[in-house]
Amino acid sequence: MPELPEVETTRRGVDPHVVGRRIVSLAMHEPRLRWRVPDSLPGEVAGQRVRKTGRRAKYLLLELDSGTLLLHLGMSGSLRVLPADTPRVTHDHFDLLLDSGLTLRFNDPRRFGSLHYTTGSPNEHPLLARLAPEPLDDAFDTDYLWRSTRMRRVAIKQLLMNSTLVVGVGNIYASEALFRARIRPTRPARSLKRTEVAKLARAVRTVLNMAIRVGGTTLRDYVGADGNPGYFRQKLYVYERVKKPCRVCKTPIKQLTQGQRSTYYCPTCQK
Ligand SMILES: [Zn+2]
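If you're wondering where the values come from, they're calculated on a predicted model, not measured in any experiment.

Cut-offs and rules
- Residues numbered from 1 in each chain as written.
- Predicted model: local features only at pLDDT ≥ 70, side-chain atom pairs only at ≥ 80, totals over all residues.
- Heavy atoms only, no water.
- Donors = N, O, S within 2.8 Å, 3.2 Å for Na, K, Ca; no water.
- Tetrahedral: all angles 85-135°; square planar, octahedral: opposite > 155°, others 65-115°.
- Helix = DSSP H or I, 4+ residues; strand = E, 2+ residues; numbered from the N terminus.
- Buried < 20%, exposed > 50% of the residue type's maximum accessible area, 1.4 Å probe, protein only.
- Core = buried A, V, L, I, M, F, W, Y, C linked by side-chain atoms within 4.5 Å.
- Contact = heavy atoms within 4.5 Å.

Undergrad: I'd like to hear about the coordination of the zinc ion, residue by residue, with values.
TA: Four donors placed tetrahedrally about a metal ideally form angles of 109.5 degrees, and six donors placed octahedrally ideally form angles of 90 or 180 degrees. Here the zinc ion is held by Cys246 (SG), Cys249 (SG), Cys266 (SG) and Cys269 (SG), and the distances to it run 2.2 to 2.4 Å. Around the zinc ion, the four donor atoms sit at angles spanning 99 to 113°, and that spread fits a shape best called tetrahedral. Motif for the zinc ion, donor spacing along one chain: C-x2-C-x16-C-x2-C. Highlighted residues: cysteine 249 in the loop between helix H6 (194-214) and strand E9 (254-258) and cysteine 266 in the segment after strand E10 (261-265), separated in sequence by 17 residues.

Undergrad: Pulling in residues and values, what's your account of the environment of alanine 211?
TA: Summarising the element assignment, alanine 211 is placed in helix H6. According to the relative accessible area criterion, alanine 211 is buried, its value standing at 0%. Note: C-alpha distance between alanine 211 and glutamate 8 (203 residues apart in sequence) is 9.7 Å.

Undergrad: Give a detailed account of the nonpolar core, specifying residues and quantitative values.
TA: Membership of the largest hydrophobic core comes to 37 residues, with the highest contact counts inside it found for Tyr173, Leu200 and Val204. Those elements that place two or more of their residues in this core are helix H3 (142-149), helix H4 (156-160), helix H5 (171-180) and H6. Ranked by residues supplied to this core, first place goes to H6 with nine residues. Look past the residues within four positions of valine 204 in its chain and what remains in contact with it is Pro135, Phe140, Leu160, Val169 and Ala177. Ile23, Val45, Leu71 and Leu104 belong to the second largest nonpolar core, which has 25 residues in total.

Structural data, given as structure tokens:
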């Protein structure tokens, strides 16, 4: 599933191809995405120029002259920039044709992705209005994580993945950040010391920034905007490394299940 780094990588990949370009047309081949795309949308965006790209949580934002497109990649979606006459393949659901002769093409086998348009502030759109802080923004700092964990008995890993605390920290990045902070994923959130909270806030940023730099992680079903797979997987310390030796201390990595998700940790490095 595309996680925050994949979406940010996609944004950076498409940005130079779309900013400043005028939308010739939006061709909807399949409007039945996670939510049905209204028939009026192509008429609303045609002729507008793309002013800039942005991202909020896992939503990719395309700011136009008089509104903003909100695109979510869902479980299996991907965007590619292609010459407009490139033949379509199965699960290509829309084309945003640009005046450069290129098209921004969305493919999504499982159709959990979505496309919305708003003429108001995107941050006030119902899908974005109540989202928690971005993990890479200043609001997600030691003080915030300290305050948010004091009353919580829930395991710290599950809290990190809870999008009411912070957005976009999926299973891979929660596991890796906890390893870097040397914190056992099963610890009750409120048991963390202030120094551990500080390390964890820093570790979350570090793993996400590293993943963004190398273009995301999920090799199996993610292809970057320019067609390159992500390489962060090769740098993972614990995720999907069960029984393999810890890269720091050689202890075999352990696996357990938390909230129906697999968790990986080093029983020696993480206390
Ligand atoms: Zn270890």
